[in-house]
Amino acid sequence: MDEMARAAWERLVPPLVERGLFTVLDHDRIAAYCESYSRWRKHEKALKDAGEETFETHGRQGRMIRARPELSIISEQIRVMGSIGSDYGFSPVARLRLKDVGQGDLFNPFDNV
């Protein structure tokens, strides 16, 4: 892991361990999240440094405006982080799901007995 991925690891793992959401079986999955986080941040910086989200090419078909490759890399890393993060409660909705919030007594089959 690079420095940015390691910093993400050190920020994420202690609260996950504290909540009982991290075991040795989760190591690779959280490492993948941290690597995606690092990749996302690096490509966001590269995009900012480029100053534009498009670039121009010239070829047989003439002048073409293309999206910078960083945009698709950023999009993919956000997707990966969202997918992994939902398993560990990294969003409000995911945290609700992890608490096993159900329907309550609204559909309790024993109410009418």
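Starting afresh in each chain, residues are numbered from 1 along the sequence in its written order. Confidence filtering applies because this is a predicted model: local features only for residues at pLDDT of at least 70, side-chain atom pairs given and counted only at 80 or more, and all residues used for totals across whole chains, interfaces and linings. To get the side-chain values, take all heavy atoms of the structure and skip hydrogens and water.

Peer 1: Can you lay out the pattern of salt bridges for me, pointing to particular residues and giving the numbers?
Peer 2: When a carboxyl oxygen of Asp or Glu is within 4 Å of a side-chain nitrogen of Lys or Arg, the pair counts as a salt bridge. Applying the stated criterion across every chain yields a total of six salt bridges. Of the charged contacts, one joins arginine 68 and glutamate 70 as a salt bridge, the two residues approaching to 3.3 Å between their closest N and O atoms. Partly exposed describes any residue whose relative accessible area lies between the buried limit of under 20% and the exposed limit of over 50%, with all areas from a 1.4 Å probe on protein chains only and scaled to the type maximum. Assessed through its relative accessible area of 22%, arginine 68 is described here as partly exposed. A salt bridge links arginine 79 to glutamate 76, with the nearest nitrogen and oxygen atoms 2.7 Å apart. Residue arginine 79 and its partner glutamate 76 are both found in helix 3 (residues 69–87); the two are separated by three residues, about one turn of the helix. Note on glutamate 76: relative accessible area 33%, which makes it partly exposed. In DSSP terms, a helix is any run of H or I states spanning at least four residues, a strand is any run of E spanning at least two, and both are numbered starting from the N terminus.

Peer 1: Mind laying out the packing of aromatic side chains, listing which residues take part and the relevant values?
Peer 2: Each aromatic pair joins two rings of Phe, Tyr and Trp (for Trp, the six-membered one) with centres within 6.5 Å, and gets the label stacked for planes under 30 degrees apart, edge-to-face for over 60, and tilted for any other angle. Scanning the entire structure with this criterion turns up four aromatic pairs. On the numbers, 5.0 Å between centres and 80° between planes, the contact of tyrosine 33 with phenylalanine 90 is edge-to-face. Of the two residues, tyrosine 33 is situated in helix 2 (residues 27–50) and phenylalanine 90 in the loop between helix 3 and helix 4 (92–98); the sequence distance between them amounts to 57 residues. Tyrosine 33 sits in the buried class, given a relative accessible area of 12%. Here phenylalanine 90 falls in the partly exposed class, since its relative accessible area comes to 27%. An aromatic cluster of at least three residues, connected via ring pairs, comprises Tyr33, Tyr88 and Phe90. Placement of a positive charge over a ring is assigned whenever Lys NZ or Arg CZ falls within 6 Å of the ring centre and within 35 degrees of the normal to the ring plane. Cation over ring: arginine 11 sits above tyrosine 37, and NZ or CZ is 5.2 Å from the ring centre.

So yeah, pure geometry; function would need other evidence.
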